[in-house]
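# Overview (structure and organization)
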Amino acid sequence: MLPGYWPDPADEPPVALHRAPVELRAAGDVALRGMLWTPAEGRWRTAIVLTHPRADFSNHYAAPLLAAAGYGVLGFATRYLNNDIDCLHELLVEDVVAAVEHVRTLGAHAVVLLGNSGGGSLMALAQAERGLGDAFVAVAAHPGEGAFLLNAIDPSVTDETDPFSVDSALDMYEPGNGWRPWPQPSSYDPAWVERYRQAQRDRVARIDAIARAALAERSSARQAAVEEERGSPAWNRLRRRAVHARYLTIYRTLANPAYLDPAIEPDDRPLGSIFAFPDPLDANYGYGGLARVLTARAWLSTWSGLSSTAALDKTMPAVRVPTLVLHPTADTEIRVREARAIHAAAGSEDATYAELPGAGHYLHGHRRAAADLIVQWLRARFPA
């Protein structure tokens, strides 16, 4: 099965398109690869750029639909393709810079940054810090990868070295707290959910402290090594600590009560998560998952809901270009409240919010409608 964000043959536009592979060079002489989709006649004035921290958006489902409307569309993969163990959003911004510079050299009169899913917080960060685009479009964008994990991390973990450590009072998979076996819906008391959410923040804060201590030890060793004779035993010991990269294992990262209790911020979503196949309990304890193994710096840069700067509540006020926020109401990962907050935080006086009723995170069955809405919004501001 193709990843959910790839084109569906049923959505293939009825016009011929041109596709050309693209190689980019980002800061640090990092090679990036993507695909430029254009109308068959090759004429376009506005470019749409899209990517994701770790997914390859070269063949994103939106690319052919938007190219068919007359736009140039560059989807690409970042330096952290399929592996965000050491993912630094500060460097991801440099990758977006390279893509935007490329389409401008090709003659783009305007550039639209399109952020889908985890690409939303990346594109907003790039816009807020560098002012790269002339417009920003967020499609099924969560508030940030760290902000997402803040809602999904399991706060019942009591020992970060033990995947089975559990505080049963904070365990959403404990029958006494309202859990029922899949596929029955669970029912959690609102007061318990409130305590649970605070405990999630507390766990993230503890991991932040571990990560910061690891980076501080590395920095301290680097400074101490300068005082020692190069090649001496003491210098050699300190040098090893100075270059040591601490890797964190983050157990149990799929435990959002909203996955199993439809009464929590009710919307059109089904039970479960796109990251569970299908039972979130299995995904919480089993293979896969998100943010399971990370360097200390990647945790703080990308997956910490308290420390990452790639968070839309922090960046959207600085996004002052025309903005469209498009939310699918059956998305298992993003609540309507969160999507509306992204729109409300926009720094632009030209900010539009729209919903796709009944659409899931990957917009299956709703992609043409989404593309039509985006194109209508774009055409009122930027010619194809």
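For every chain, the first residue of the written sequence is number 1, and numbering continues from 1 onward in sequence order. Where totals are concerned, whole chains, interfaces and linings use all residues; where local detail is concerned, this predicted model gives features only for residues with pLDDT of at least 70, and gives and counts side-chain atom pairs only at 80 or more. Excluding hydrogens and water, the side-chain values take into account all heavy atoms of the structure.

## Notes on the overall build of the protein
- Working definition: helices are DSSP H or I runs of at least four residues, strands are E runs of at least two. Numbering for both runs from the N terminus. Of regular secondary structure, the protein possesses eleven helices and ten strands.
- Only C-alpha atoms enter the radius of gyration; for comparison, a globular chain is expected to reach 2.2 Å times N to the power 0.38, where N is the number of residues. Against the compact-globule benchmark of 21 Å for 384 residues, the protein has a radius of gyration of 22 Å, which places it among compact chains.
- Dimensions of the protein, computed from C-alpha atoms along their principal axes, come out at roughly 65 × 60 × 40 Å.
- Relative to its 384 residues, the protein shows a buried fraction of 54%.
- When checking whether two residues touch, look at their non-hydrogen atoms; a contact exists if any pair is within 4.5 Å. In the protein, of all internal contacts separated by at least 6 residues, the share reaching a separation of at least 24 is 74%.
- Total accessible area computed for the protein in this model is approximately 16600 Å², and 53% of it derives from carbon and sulfur atoms. Burial classes follow relative accessibility: with a 1.4 Å probe on protein chains only, a residue under 20% of its type's maximum area counts as buried, one over 50% as exposed, and anything between as partly exposed. Only the protein chains shown count as cover for residues, and the accessible areas themselves come from Shrake-Rupley with a 1.4 Å probe.

## Re the environment of R197
- Mapped onto the elements of the fold, R197 is located in helix α5 (residues 190-226).
- With 147 residues separating them along the chain, R197 and L50 place their C-alpha atoms 32 Å apart.
- Ignoring anything within four residues of it in the chain, the contact list for R197 reads N151, N256, P257 and A258.
- Of note is the side chain of R197, whose polar atom sits 2.8 Å from the side chain of N256. What qualifies as a polar contact is a pair of N or O atoms within 3.5 Å, subject to a donor-acceptor requirement within protein and to the restriction that residues adjacent in sequence count only when both atoms come from side chains.

## Comments concerning the sheet that holds strand β10 (residues 351-356)
- Paired strands, as defined in this entry, are two strands with at least two bridges between them according to DSSP. Strand order in the open sheet formed by eight strands is β1-β2-β4-β3-β5-β6-β9-β10, and the pairing between neighbours is mixed. Looking at which strands have only one partner, the edges of the open sheet turn out to be β1 (17-26) and β10. Pairs of neighbouring strands in the sheet enclose a mean axial angle of 20°, with direction left out of account.
- With five bridges joining them, strand β2 (residues 30-39) and strand β4 (residues 72-77) adopt antiparallel strand pairing. What sits directly across from W37, in β4, is V73.
- Here the axes come from fitting lines to C-alpha atoms, over the contacting stretch only for helices, and the angles between their N-to-C directions go from 0 to 180 degrees. Each of β1, β2, β3 (46-50), β4 and β5 (110-116) is contacted by helix α2 (residues 89-105), which is oriented at about 130° to β1, the strand it contacts most.

## Things to note about the pairing of strand β9 (residues 323-328)
- In terms of burial, β9 is a largely internal element, six of the six residues being buried.
- Neither face of β9 is exposed, since T323, V325 and H327 on one face and L324, L326 and P328 on the opposite face are all buried.
- Note that strand β6 (residues 135-139) and β9 share four bridges and pair parallel. If you follow V139 over to β9, its bridge partner there is L326.

## As for the packing of α5 against helix α6 (residues 233-243)
- Running from amino to carboxyl end, α5 crosses α6 at an angle of 145°, the nearest separation of the two axes being 7 Å. The handedness of the crossing between α5 and α6 is left-handed. Residues E217, R218, A221, R222, A224 and A225 of α5 touch α6, and the partners they reach there are W235, L238, R241, A242 and V243.
- Here the term charged refers only to Asp, Glu, Lys and Arg, the term nonpolar to Ala, Val, Leu, Ile, Met, Phe, Trp, Tyr, Cys and Pro, and the term polar to all other amino acids, Gly among them. Split into classes, the residues belonging to the contact of α5 with α6 amount to seven nonpolar, no polar and four charged. Helix crossings are classified by the rotation of the near helix relative to the far one: an anticlockwise turn of less than a right angle makes the crossing left-handed, while a clockwise turn makes it right-handed.

## Some words on α5
- End to end, α5 covers 55 Å across 37 residues, agreeing with the expected 54 Å (1.5 Å per residue, within 8%).
- Near the N-terminus of α5, the side chain that reaches the backbone nitrogen of A191, with its oxygen 2.9 Å away, is that of D189. Under the convention used throughout, the expected extent of a helix is 1.5 Å for every residue step, that is, one less than its residue count.

## Quick word on the pattern of salt bridges
- Think of a salt bridge as a Lys or Arg side-chain nitrogen and an Asp or Glu carboxyl oxygen that are within 4 Å of each other. Scanning the entire structure with this criterion turns up 17 salt bridges.
- In this structure, the salt-bridge partner of E23 is R33, at a minimum N-O distance of 3.5 Å. Placement of E23 in strand β1 and of R33 in strand β2 is noted, with a sequence separation of ten residues between them.
- With a relative accessible area of 44%, E23 lands in the partly exposed category.
- A relative accessible area of 52% places R33 in the exposed class.
- Note that R252 is salt-bridged to D154, the shortest N-O span being 3.0 Å. Note that R252 is positioned in the loop between β7 (247-249) and α7 (280-285) and D154 in the loop between α4 (145-152) and α5, a separation of 98 residues in sequence. By the burial criterion, R252 is buried, and D154 matches it.

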